[in-house]
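# Summary of the model geometry
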Amino acid sequence: MNLLINGEKKTFADGINIAQLLKVEDVESPDMVSVQFNGEFLKRHEYDAAYPKDNDEVNFLYFMGGG
Amino acid sequence: MRDLNESEIERYSRHIILQDIGVEGQERICAGKVLVIGAGGLGSPVLYYLAAAGVGEIGIADGDEVDLSNLQRQILHTEADIGRAKTASAVEKLSAVNSNVKFNVYHEFLTAENILGIVKDYDFIIDGTDSFSSKFLINDACVLAKKPFSHGGILRFSGQTMTINPFQSACYACVFDAPPPSGSVPSCSQAGILGSVAGMLGVIQATEALKFLSGAGAPLYNAILSFDALTMTFRKALLKRNPRCRICGSGGISGLSDYEQKVCDL
């Protein structure tokens, strides 16, 4: 299936959940990102049960604390 | 709002000639009050441009002193300022840029105790702080006080910013909920920051403040703009208010408390 990850179209195996997607996309730690799934923000405990479908949109927004 | 005098009309002529600003927009800038929290990497460019633009009253809040490792990016401060309060160093440079601006100095770190009393006197607030505890506190205070503000964060070669109009657009906590566990996300002192990247982001924040005051264009509401300077890629992710937001959602907050996280020792 195709997903739009941070605006970029990428292909993934069917049936992957958000927690697995974080691993495949090399996000070192789920604590580092906020996940926006089709516009809605997921809580961390929801990653396992969230299954994207073809053409869904996922944004990884990274924490940046510097100034 | 007072009329601009002859010298101001000349001084701000390149603003006034802009159709989206004009005399009225510049008068609004000159009547505007902006609080800049943090006179460091982000605060330096923000403060220079706000002072140069003639913002009427500028609050500068920072409890820190200038350190040698600041000079690589905190362009308000010089070698001669090492050990001085950042606020004093900032006011000296900024007064030289524009003596018409009134500067209010808060040589203290903002906390749940003092922040609301300071924020209430300003039209727009800029977050130029360097810790998640401060960034969340500023968000919470601005939401409670219904003050529009600009969030900014930088790390390594990247930056991100959003402009927030409380209860009208997504707030920082709509997106990030709560500070990450201590140690899970590196600070600038651990991970590094390219000096000019602080400038890139700070200048965007200053532009948002000037747009807000003058009424030009559309603020960066309901969006988070992020960039990666290594590839020079900019991306705007669209947001909407999060009904489950801990701060501005239906069960929102009614008071402030400090976040427990060590301040990033930049």
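Residue positions are counted from 1 within each chain, in the order its sequence is given. Following the order in which they are written, the chains are lettered starting with A and the ligands numbered starting with 1. Thresholds applied to this predicted model are a pLDDT of at least 70 for local features of residues and 80 or more for the giving and counting of side-chain atom pairs; totals over whole chains, interfaces and linings are not thresholded and use all residues.

## Re the overall build of chain B
Each helix corresponds to a stretch of at least 4 residues labelled H or I by DSSP, and each strand to a stretch of at least 2 residues labelled E; elements are numbered beginning at the N terminus. Helices and strands together make up the secondary structure of chain B, namely ten helices and eight strands. Expressed along its principal axes, the backbone C-alpha trace of chain B runs to roughly 55 × 45 × 40 Å. Here the C-beta atoms are placed from the backbone, and a residue counts as buried if at least 20 other C-beta atoms lie within 10 Å of its own, exposed if 12 or fewer do, and partly exposed otherwise. In chain B, which comprises 266 residues, the share counted as buried stands at 48%. Contact between two residues is assigned when their C-beta atoms, built from the backbone, lie within 7 Å. Intrachain contacts of chain B at a sequence separation of at least 6 include 71% that bridge at least 24 residues.

## As for the nonpolar core
All names here are of chain B. Grouped together as the largest cluster of nonpolar side chains are 77 residues, with contacts concentrated most on Val34, Val36, Leu47, Leu50, Ile125 and Cys171. Ranked by the residues each element gives to this core, the list is headed by helix H10 (residues 195–214), at ten residues. Non-local contacts of Val34, meaning those with residues more than four positions away in its chain, are made with Leu50, Val55, Ile58, Tyr122, Asp123, Phe124, Ile126 and Ala209. A set of buried Ala, Val, Leu, Ile, Met, Phe, Trp, Tyr and Cys residues, joined to one another through C-beta atoms within 7 Å, is what we call a nonpolar core.

## Comments concerning the sheet that holds strand E1 (residues 33–37) of chain B
Strands pair in a sheet through their backbones, by hydrogen bonds, and they do so in one of two ways: parallel or antiparallel. Residue and element names in this part refer to chain B. Pairing is mixed in the open sheet, where eight strands are placed in the order E3-E2-E1-E4-E5-E6-E7-E8. A single partner strand is all that each edge strand has here, and the edge strands are strand E3 (102–106) and strand E8 (233–238). Going across the sheet, the axis of each strand differs from the next one's by a mean of 15°, ignoring polarity. With four bridges connecting them, E1 and strand E4 (residues 124–127) associate as parallel partners. Within E4, the position partnered with Ile37 by the bridge is Asp127. Fitted lines through C-alpha atoms serve as axes, helices being fitted only where they are in contact, and the angles separating the N-to-C directions of these axes extend from 0 to 180 degrees. Contacts from helix H5 (residues 86–97) reach strand E2 (57–61) and E3, with the element oriented near 170° to E3. Two strands are said to pair when DSSP picks up at least two bridges between them.

## Overview of the packing of helix H4 (residues 43–53) of chain B against H10 of chain B
All names here are of chain B. Contact pair H4 / H10: the axes reach a minimum separation of 7 Å and the direction vectors enclose 35°. Pair H4 / H10 crosses with right-handed handedness. Counted together, Ser44, Pro45, Val46, Tyr49, Leu50 and Ala53 of H4 and Gly199, Gly202, Val203, Gln205, Ala206, Ala209 and Leu210 of H10 form the full contact between these two elements. Charged means Asp, Glu, Lys or Arg here, nonpolar means Ala, Val, Leu, Ile, Met, Phe, Trp, Tyr, Cys or Pro, and polar covers whatever is left, Gly included. Looking at the contact of H4 with H10, its residues break down into nine nonpolar, four polar and no charged. Helix crossings get a hand from a simple test, with the near helix turned counterclockwise from the far one by less than a right angle marking a left-handed crossing and a clockwise turn marking a right-handed one.

## Topic: the sheet that holds strand E5 (residues 57–62) of chain A
Residue and element names in this part refer to chain A. Strands sit in the order E2-E1-E5-E3-E4 across an open sheet of five strands; the sheet is mixed. Only two strands of the sheet have a single partner each, and these edge strands are strand E2 (8–11) and strand E4 (40–41). Summarising the sheet, strand E1 (residues 2–5) and E5 pair through two bridges and their orientation is parallel. Within E5, the position partnered with Ile5 by the bridge is Val58.

## What to know about the confidence of the model for chain A
Keep in mind that low pLDDT regions are not for reading the predicted coordinates in detail. Known as pLDDT, the predictor's confidence for each residue is given on a scale from 0 to 100. Within chain A, residue pLDDT values average 94, and 100% of them lie at 70 or more. The least confident element of chain A is E4 of chain A, whose mean pLDDT is 94; the most confident is E1 of chain A, at 97.

## Considering the interface of chain A and chain B
Contact with chain A, which involves 16 residues of that partner, is made by 34 residues of chain B. Here the side of chain A that touches chain B is composed, by residue class, of five nonpolar, ten polar and one charged.

## Quick notes on the environment of Gly153 of chain B
Here Gly153 of chain B is to be found in strand E5 (residues 149–155). When the 28 C-beta atoms within 10 Å are taken as the criterion, Gly153 of chain B is described as buried. Through-space distance from the C-alpha of Gly153 of chain B to that of Gln168 of chain B is 22 Å; in sequence the pair is 15 residues apart. Contact partners of Gly153 of chain B, with chain neighbours within four places excluded, come to Met64, Gly65, Gly66 and Gly67 of chain A together with Lys135, Gly159 and Gln160 of chain B.

## Some points on H5 of chain B
Residues and elements named next belong to chain B. A helix's residues, less one, multiplied by 1.5 Å, set its expected span. Between its terminal C-alpha atoms H5 stretches 17 Å, which fits the 16 Å expected from twelve residues at 1.5 Å a residue. Those residues of H5 not exposed but buried are Lys86, Thr87, Ser89, Ala90, Val91 and Leu94. Where H5 is buried, its residues meet H4, E2 and E3.

## Observations regarding the packing of helix H3 (residues 22–31) of chain B against H10 of chain B
All names here are of chain B. Viewed as axis vectors pointing N to C, H3 and H10 meet at an angle of 115°, and their least axial separation amounts to 8 Å. Here H3 lies roughly perpendicular to H10, going by the angle between them. Once H3 is placed against H10, the crossing between them reads as right-handed. Taking contact as the criterion, the partners of Gly25, Arg28 and Ile29 in H3 are, on H10, Leu210, Leu213 and Ser214. Residues of the contact of H3 with H10, tallied by class, amount to three nonpolar, two polar and one charged. Between 65 and 115 degrees an angle is taken as roughly perpendicular, under 35 as roughly parallel, over 145 as roughly antiparallel, and anywhere else as oblique.

## Some points on unusual backbone geometry
Phi at Asn6 of chain A is positive, roughly 45°, even though this residue is not glycine. Residue classification places Asn6 of chain A among the partly exposed positions, given that 17 C-beta atoms sit within 10 Å. A positive phi is found at Asp177 of chain B, a non-glycine position, where the angle reads about 60°. Following the sequence through the fold, Asp177 of chain B ends up in the loop between helix H8 (172–176) and helix H9 (188–191).

## Description of the environment of Ala96 of chain B
Looking at the element boundaries, Ala96 of chain B is found in helix H5. A sequence separation of 117 residues divides Ala96 of chain B from Leu213 of chain B, and the C-alpha atoms of the two residues are 23 Å apart.

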